[in-house]
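# Structural overview for review
Single-letter residue listing:
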Amino acid sequence: MFELILVIAIYLIFIAYWRIRQINHERRLHAYDVRLHVNGIRGESTVTRLVAGALRNAGYRTVAKTTGSAAVTIDLDGRDISIERRGAPNVKEQQDIIAEWEPLHAEAMVIDVGTIIVLRPAIYICNTSGDRADNDRLGKNGNRQGYDRHTDNGRNKPDCTFR
């Protein structure tokens, strides 16, 4: 009987910890005026750096994170800070980095999420290398299409699959 009570207690503690962590994460996310996620199969780190630089140039206090072989966070001044990892990138790493940024009071964040989808951005941008036959599906500009989940209600969500 004692073992059952112990297991239930540990389970409840874990659930409470997870819920508090999630509430704090959501609060941190809502503090940003601009929240962009970059994902794909090639070039995410470059796009992340370019977009973060453009936002910084436009006057936003911007932080960024890249993944890949040399994962870094990029501070408000555009300096790279190496990420020390013990394994593959994961959801907890993303949440921990966002928590580390909280004291900086940044207005914008740009995160290379790779294949990890942690956050729900307001704007999705699909950048594919589709061939000519895909142009109609991808939009008039050929290979980019935006989707605003707040105004579109899912009617025209682009196909963000990669081939």
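Anyway, here's the lowdown on the structure attached to this text.

What counts and how
Residues numbered from 1 in each chain as written. Predicted model: local features only at pLDDT ≥ 70, side-chain atom pairs only at ≥ 80, totals over all residues. Heavy atoms only, no water. Helix = DSSP H or I, 4+ residues; strand = E, 2+ residues; numbered from the N terminus. Contact = heavy atoms within 4.5 Å. Polar contact = N/O pair within 3.5 Å; in protein donor to acceptor, adjacent residues only side chain to side chain. Buried < 20%, exposed > 50% of the residue type's maximum accessible area, 1.4 Å probe, protein only.

### Structural notes on the environment of Arg21
Structurally, Arg21 is set in helix H1 (residues 2–30). For the pair Arg21 and Gln95, spaced 74 residues apart in sequence, the C-alpha to C-alpha distance is 8.9 Å. Those residues in contact with Arg21 that sit more than four places away from it in its chain are Lys92, Gln95 and Asp96. Separated by 2.7 Å, the side chains of Arg21 and Asp96 make a polar contact.

### Remarks on unusual backbone geometry
With the exception of glycine, the majority of residues adopt a negative phi angle, and the majority of peptide bonds are in the trans configuration. Even without glycine at this site, His105 takes up a positive phi of about 55°. Tracing the chain through its elements places His105 in the loop between helix H3 (91–101) and strand S5 (108–112). Given the relative accessible area of 61%, His105 is considered exposed.

### Points about the side chain of Arg28
Along the polypeptide, Arg28 turns up in helix H1. If we ignore the near neighbours within four places in the chain, the residues touching Arg28 are Ile98, Ala99 and Glu102.

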